[in-house]
Every structure is written in structure tokens, then in C-alpha cells.
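Given next are the chains, with one letter for each unit.
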Amino acid sequence: MSNSIVIFGASGDLTSRKLIPAIYNLFHKKRLPADTRIIGSARSKFTHEEFCAKLRETTKQFAGESFEDACWAEFSQSIFYQAGDMEQQADYQRLAKTLEDMEGGQEATRLYYLATAPRFYAPAIAGLGKAGMADESHGKRRVVIEKPFGTDLATAKELNIEVHQFFDESQVYRIDHYLGKETVQNIMILRFANTIFEPVWNRNYVDHVQITVAEEVPVGRRGGYYESAGILRDMFQNHLLQLLMVTAMEAPARYRADSVRDEKVKVLQAVRPMNGKDFALDTLRGQYKGYRQEQDVNPQSQTATYAAIKLWVDNWRWQGVPFYLRSGKAMSCRTSQIVIQFRQPPHLIFQTNKRVQVQSNRLVLQVQPNEGIQLHFQTKVPDAGMEMRLTDLDFSFRREFNHELPEAYERLLLDVMTGDASLFARADEVERAWTIMDPIMQAWNSPAAPELFQYEQGLWGPEEACQWMADQGRDWFDSCPVLR
Ligand code: BG6
């Protein structure tokens with residue numbers, strides 16, 4: 001049986017930077033199922049050859065060291081292009097006809113990838129549906145939808161309704177590329193394929209959890225988009241909440257899409273809703289200095305480029321353990337990390353001669369870059385009485401496996417082709433995530449919004465964020481990737 005990958009938005013950045021390099025890499029590793037064709041569709045008029053030539057250059061740039069002329073020449077024979085307007089029904093009928101011809105009227109698995117601006121998601125779904133292209137009587141039909149899935153709860157619900165008019169939920173793959181990262185999947189392996197972590201992974205041992213996604217780059221040329229999105233829509237509703245779910249979830253009975261997603265959704269259901277003063281006390285927002293001068297940004301913009309949010313997960317495992325989520329642009333360095341901060345020993349028998357508080361254990365999951373894990377613990381300083389110091393044990397993916405980690409899209413695209421939705425967001429999951437973010441976004445847009453603190457670029461966000469943590473008797477783990 002053959003496979004057809006149809007990419008809508010084929011002339012865009014996502015296609016050239018991520019999707020085609022990922023599919024090329026799968027081909028290069030001989031993981032792409034045989035007899036797979038790729039059909040690009042966008043409004044621009046290209047011949048197959050022009051489309052391929054353009055992709056050759058970008059793939060060379062973005063696929064990394066795997067790019068080889070001979071391999072590309074072979075791969076590119078399966079790339080085709082058909083111009084189409086996503087708002088013209090006739091263009092879907094034409095595409096359907098082209099696909100049937102290419103597939104020779106045989107059974108084929110089809111993957112429709114919406115790599116378009118979000119306003120085209122609904123028209124594309126309807127166009128495909130009305131052209132009979134969601135019908136599975138001649139093979140599987142799957143649709144991949146990029147983020148953002150809606151801009152708030154109401155629009156996400158609306159989009160889900162539109163999607164479900166034509167596609168069954170089992171045919172829908174909502175992408176969050178964070179779930180395609182090896183290190184994020186490894187959180188599940190770490191927790192559920194080992195016995196030593198789970199017993200301490202709870203309120204009895206954990207003081208709090210910090211989930212940080214810091215980016216060094218400023219908003220740059222994406223000002224137009226960013227002005228309406230802001231950090232909450234851009235990073236929190238999706239990536240940060242995904243990291244929270246994977247860190248806090250219970251073990252599913254088996255690694256199956258719905259078992260995994262059931263457990264993840266339960267975490268979001270357990271997140272305590274914020275009310276009244278909570279928004280001022282438990283959220284903090286910032287904007288880097290210079291953001292208002294970025295291209296397409298309002299000179300009086302109130303858009304946050306940094307946020308820190310404290311969430312409580314009200315269940316037996318996590319009662320009383322705060323989860324601190326923070327993310328920002330133009331920060332000190334690029335680092336995504338999850339810090340499990342353990343409690344202090346109940347009673348310290350050693351008298352240290354320094355009047356410093358003994359730091360307790362910490363497990364740092366370094367999501368990116370320099371992917372790996374580090375465990376911090378106290379050790380005796382030799383030849384110094386019973387003096388102690390925090391030291392570490394670490395594991396680095398690169399050191400251990402001796403090669404670069406694959407791009408998230410490789411794994412995700414392959415999963416869609418094989419029909420494994422474990423690493424994709426389900427309709428209820430996306431809506432729950434908005435249920436958490438909506439009230440915060442509303443509070444930040446209201447006259448009672450908490451102050452928007454300005455911060456210098458290249459730091460760890462606003463200074464007030466340090467004070468905010470200090471007031472809670474805690475410190476941020478402000479460290480660039482702990483592993484080299
Ligand atoms: C995207 C956001 O979803 O994720 C970007 O829109 C952000 O603003 C990016 O830069 C971060 O992804 P990664 O994989 O580089 O951490």
C-alpha cells in the first residue's frame with residue numbers, strides 16, 4: 001500500500017525548514033515507508049521541478065550533515081507540486097483526482113498536513129471533507145493540524161466542532177513539536193521504566209517543580225504574529241503545559257495513545273482554577289526592553305514576552321507542591337529544563353562551619369540543548385571535617401549515544417504515518433489547556449492586570465521575578481544548560 005503526504009502551505013517556512021528536511025532525513029535513514037510520495041500545495045505557481053529545486057536548497061541548509069546529492073536526487077523523484085487555493089472547492093476536487101491517479105486507484109494512506117496560517121484550518125478541513133477526501137473506504141486518511149489550535153477556549157471549541165464535522169477524532173493529529181523531542185519522551189521512560197524515581201516523585205519528597213523554557217532570541221521579524229499571541233498563547237498553552245502534563249501524569253496502564261492522553265488530561269483537570277487575587281499573586285509578566293521597537297510591534301504594546309506562573313495540581317500525588325512555569329524571549333541563553341526540587345532533609349546532624357543553608361537534592365531534566373539529566377546531591381568535602389558540598393551525577397545523550405538527536409518532526413511524521421497518536425494532543429486536552437490559560441489572558445487584559453515589568457535583554461527575565469520567588473522562600477534555578 002502506498003502513502004501520500006499532502007502538504008498545504010507548501011511554499012511556507014515550516015515546509016522548507018522543518019517538514020521536508022524531516023521527511024528527507026527519514027528517507028536517508030531508510031525509515032520512510034517505501035512508495036511514499038509528497039505533494040505540495042500552495043497558491044504560488046511552480047512546476048514540480050521548480051518546487052524541488054527550491055526545496056533542495058533549503059533542505060541542504062536545514063537537514064544537517066545528512067544531506068547528500070545522490071540521496072536527494074532519489075528522494076526528490078517522489079516530490080510533486082500542485083497549485084491550489086485553499087478557499088476554492090474546485091481545487092480540492094482537482095487535488096483528489098490527482099491523488100487518485102497517482103495512487104492508481106489503489107488503497108493508500110493519506111496524510112494531509114496543514115502547514116498554513118491558522119485561518120485556513122477550517123476552510124481546509126471543510127474543503128477536504130466536501131471533496132470526499134476524509135472518507136476512509138480506500139485507506140486511512142489523517143489530518144495534521146499545527147499550533148495554534150484556536151486562540152482561546154471558544155475558538156478551539158469551534159475549530160474542534162468544524163474538524164469533527166468531517167474527520168473522526170481518530171483521524172486528527174494536533175501537533176505540539178515539544179512532544180516530538182526525545183528528551184520529552186524520555187521523561188516517560190525515566191519515570192515509568194525505572195523503579196527508583198517514582199517512589200520519590202510526589203508531595204512526600206518534592207518541594208516544588210520548575211519548568212523553564214528560556215529563549216535567547218528576541219521576537220525578531222515575527223512581531224506582527226507575536227503582538228496578538230504573546231508568551232501565553234505562543235508557549236504556555238501548548239509547550240509548557242505539555243511539559244507539565246508529562247512531568248505530573250500518572251503511569252498509564254499501557255503505552256497506547258488514549259491511555260497516555262487520558263492520564264495527561266487528568267493533570268490539566270486537576271490544575272486549580274485561579275480566581276480573584278490569584279492572578280496578581282501567582283502570575284508575573286514581563287516585556288524585554290526594545291520589544292516595542294521591533295518591526296510590526298505597537299510602540300505602546302502591553303504584550304508579555306516573559307511569564308512566570310505558579311500552578312497547583314490538586315490530586316493525591318501533588319497536593320501542596322507548586323509547579324512554577326516560566327518562559328521568555330531575549331533571556332540569558334537558550335535552555336529548556338525541568339527541575340524537580342526535593343525537600344530538605346528533615347533534620348541535619350552535621351554542623352557546617354559556613355552559615356549557609358544546605359541545598360537539597362535536585363534532579364535537572366535538560367530538555368535542550370545539551371540534552372541529558374543531572375542529579376544534585378551533597379558530598380563530603382575531603383579533608384575538611386564534615387563539611388559538605390553540592391555535587392552531581394550526570395547523563396548526556398550525546399556522550400552516551402554518540403550522535404545528534406533527531407528533529408522532533410521526524411518522529412512525529414512517522415507516527416502519523418503509522419497511526420500512533422500518543423504524542424499528539426487530543427481535542428479535550430487542547431480545550432482543557434485553554435481553560436487554564438483563558439482566565440489568565442483575560443486577567444492580563446483587564447484594567448486590574450498585574451504590572452508589566454520591563455527587563456533587560458540577556459537576563460533571566462524581570463528582577464521582580466527573583467523577588468517573587470524569594471518571597472515564597474525559593475530561588476529560581478537560573479542556569480544555562482547544566483551539561484556540556
Ligand atoms: C514555537 C514558538 O512554537 O516554539 C516559537 O512559536 C518558539 O516562538 C518555538 O521560538 C520554540 O521551539 P524550540 O523547539 O526551539 O524550543
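Since we're looking at a predicted model, the values are computed, not measured. (Residues numbered from 1 in each chain as written. Predicted model: local features only at pLDDT ≥ 70, side-chain atom pairs only at ≥ 80, totals over all residues. Heavy atoms only, no water.)

A. Spotlight on the overall build of the protein chain. From N to C terminus, the protein chain includes 14 helices and 15 strands. At 24 Å, the protein chain has a C-alpha radius of gyration in line with the 23 Å of a compact globule built from 484 residues. Viewed in the frame of its principal axes, the protein chain has a C-alpha envelope of about 80 × 50 × 40 Å. The buried share of the protein chain, taken over its 484 residues, is 54%. Counting only contacts in the protein chain whose residues sit at least 6 apart along the sequence, the fraction spanning at least 24 positions is 76%. For the protein chain, the exposed surface amounts to about 22200 Å²; the carbon and sulfur share of it is 50%. (Helix = DSSP H or I, 4+ residues; strand = E, 2+ residues; numbered from the N terminus. Rg over C-alpha atoms; globule rule 2.2 N^0.38 Å. Buried < 20%, exposed > 50% of the residue type's maximum accessible area, 1.4 Å probe, protein only. Contact = heavy atoms within 4.5 Å. Areas by Shrake-Rupley, 256 points an atom, 1.4 Å probe, with all protein chains shown as cover.)

B. Summary view of the sheet that holds strand 6 (residues 172–174). Taken in spatial order, the six strands line up as 3-2-1-4-5-6 in an open sheet, and their pairing is parallel. A strand with exactly one partner marks an edge of an open sheet, and here the two such strands are strand 3 (79–81) and strand 6. Pairwise comparison of adjacent strand axes, ignoring direction, gives a mean angle of 20° for this sheet. As paired strands, strand 2 (residues 36–41) and strand 3 are joined by three bridges and run parallel to one another. Its bridge partner lying in strand 3, Ile39 is registered against Phe80. Those strands touched by helix 5 (residues 121–130) are strand 1 (2–8), strand 4 (108–114) and strand 5 (141–145), and its axis lies near 155° from that of strand 4. (Pairing = 2+ DSSP bridges. Axes fitted to C-alpha atoms, helices over the stretch in contact; angles between N-to-C directions.)

C. Inspection of the packing of aromatic side chains at higher detail. The full count for this structure, using the stated rule, is 23 aromatic pairs. Look at Tyr24 and Phe75: their rings are 5.7 Å apart centre to centre, the planes differ by 75°, and that puts the pair in the edge-to-face class. One end of the pair, Tyr24, is in helix 1 (residues 13–28); the other, Phe75, is in helix 3 (residues 69–75), and 51 residues separate them in sequence. Ring centres of Tyr173 and Phe424 lie 5.1 Å apart, and the angle between their planes is 80°; on these two criteria the pair is classed as edge-to-face. Within this pair, whereas Tyr173 is found in strand 6, its partner Phe424 is found in the loop between helix 12 (408–418) and helix 13 (427–445), the two being separated by 251 residues in sequence. (Phe/Tyr/Trp six-rings, centres within 6.5 Å; stacked < 30°, edge-to-face > 60°.)

D. Structural view of the site of the ligand. Near the ligand the following residues occur: Lys147, His177, Tyr178, Lys181, Glu215, Arg222, Asp234, Met235, His239, Lys329, Arg334 and Gln368. A distance of 2.6 Å is found between an oxygen atom of the ligand and a side-chain nitrogen or oxygen belonging to Lys181. A distance of 2.7 Å separates an oxygen atom of the ligand from a polar side-chain atom of Gln368. Compared with its free state, where it exposes 390 Å², the ligand has 80% of that area covered by protein. Top element by residues in the shell around the ligand is helix 8 (residues 223–248). It accounts for three residues. Its residues assigned to classes, the shell around the ligand shows two nonpolar, three polar and seven charged. (Near = heavy atom within 4 Å. Polar contact = N/O pair within 3.5 Å; in protein donor to acceptor, adjacent residues only side chain to side chain. Nonpolar A, V, L, I, M, F, W, Y, C, P; charged D, E, K, R; others polar.)

E. Expanded view of the side chain of Gln242. Within the element layout of this structure, Gln242 appears in helix 8. In this structure Gln242 comes out as buried when scored by relative accessible area, which is 4%. Setting aside residues up to four positions removed in sequence, Gln242 forms contacts with Asp176, Leu179, Lys264, Ala425 and Glu429.

F. Seen up close, the pairing of strand 9 (residues 306–312). Counting buried residues along strand 9, seven of its seven residues qualify, which places the element largely inside the surrounding structure. Residues Tyr306, Ala308, Lys310 and Trp312 point to one face of strand 9 and Ala307, Ile309 and Leu311 to the other, with burial holding for every one of them. Across four bridges, strand 8 (residues 283–288) lies against strand 9 in antiparallel orientation. Within the sheet, the bridge partner assigned to Thr283 lies in strand 9 and is Ile309.

G. Spatial organisation of the environment of Leu153. Within the secondary structure layout, Leu153 lies in helix 6 (residues 153–166). Residue class for Leu153 comes out buried when judged on its relative accessible area of 19%. Each C-alpha atom, one on Leu153 and one on Met437, is 8.6 Å from the other, the two residues being 284 residues apart in sequence.

H. Spatial organisation of the sheet that holds strand 11 (residues 335–342). The mixed open sheet is built from nine strands, whose spatial order is 14-13-12-11-7-10-9-8-15. Of all the strands in the sheet, the pair left with one neighbour each is strand 14 (388–396) and strand 15 (452–455). Across the sheet, the axes of successive neighbouring strands diverge by a mean angle of 20°, strand direction being ignored. With nine bridges connecting them, strand 13 (residues 372–380) and strand 14 associate as antiparallel partners. Looking at strand 14, one finds that Lys380 is bridged to Met388.

I. Broad picture of the state of the cysteines. Per the counting criterion, the structure on display carries one disulfide. Across the disulfide, Cys333 is cross-linked to Cys480 (sulfur-sulfur distance 2.2 Å). One disulfide, between Cys333 and Cys480, carries an S-S torsion of -110° and so falls in the left-handed class. Remark: Cys480 occurs in the segment after helix 14 (463–471) and Cys333 occurs in the loop between strand 10 (322–328) and strand 11; sequence separation between them is 147 residues. For Cys333, a relative accessible area of 9% puts it in the buried group. For Cys480, a relative accessible area of 30% corresponds to the partly exposed category. With no disulfide of its own, Cys71 lies 14 Å from the sulfur of Cys52, the closest cysteine sulfur. Unpaired in this structure, Cys466 has its nearest cysteine sulfur neighbour in Cys480, at a distance of 14 Å. By relative accessible area, Cys466 is classed as partly exposed at 40%. (Disulfide = S-S within 2.5 Å.)

J. Expanded view of helix 12. Within helix 12, eight of the eleven residues are buried, which leaves the element mostly enclosed by the surrounding structure. Buried residues in helix 12 make contact with strand 1, helix 1, strand 2, strand 4, strand 5 and strand 6. Where helix 12 terminates, the next one or two residues include Gly419, which has phi positive at roughly 80°.

K. Quick peek at a nonpolar patch on the surface. On the surface, a nonpolar cluster with roughly 370 Å² of combined accessible area is contributed by Leu348, Ile349, Phe350 and Met386. Here Phe350 shows up in the loop between strand 11 and strand 12 (362–368). Given the relative accessible area of 35%, Phe350 is considered partly exposed. (Patch = residues over 30% accessible without salt bridge, like charges linked within 9 Å, V, L, I, M, F, W, Y side chains within 5 Å. Salt bridge = Lys/Arg side-chain N within 4 Å of Asp/Glu carboxyl O.)

Just geometry here; none of it tells us what the structure is for.
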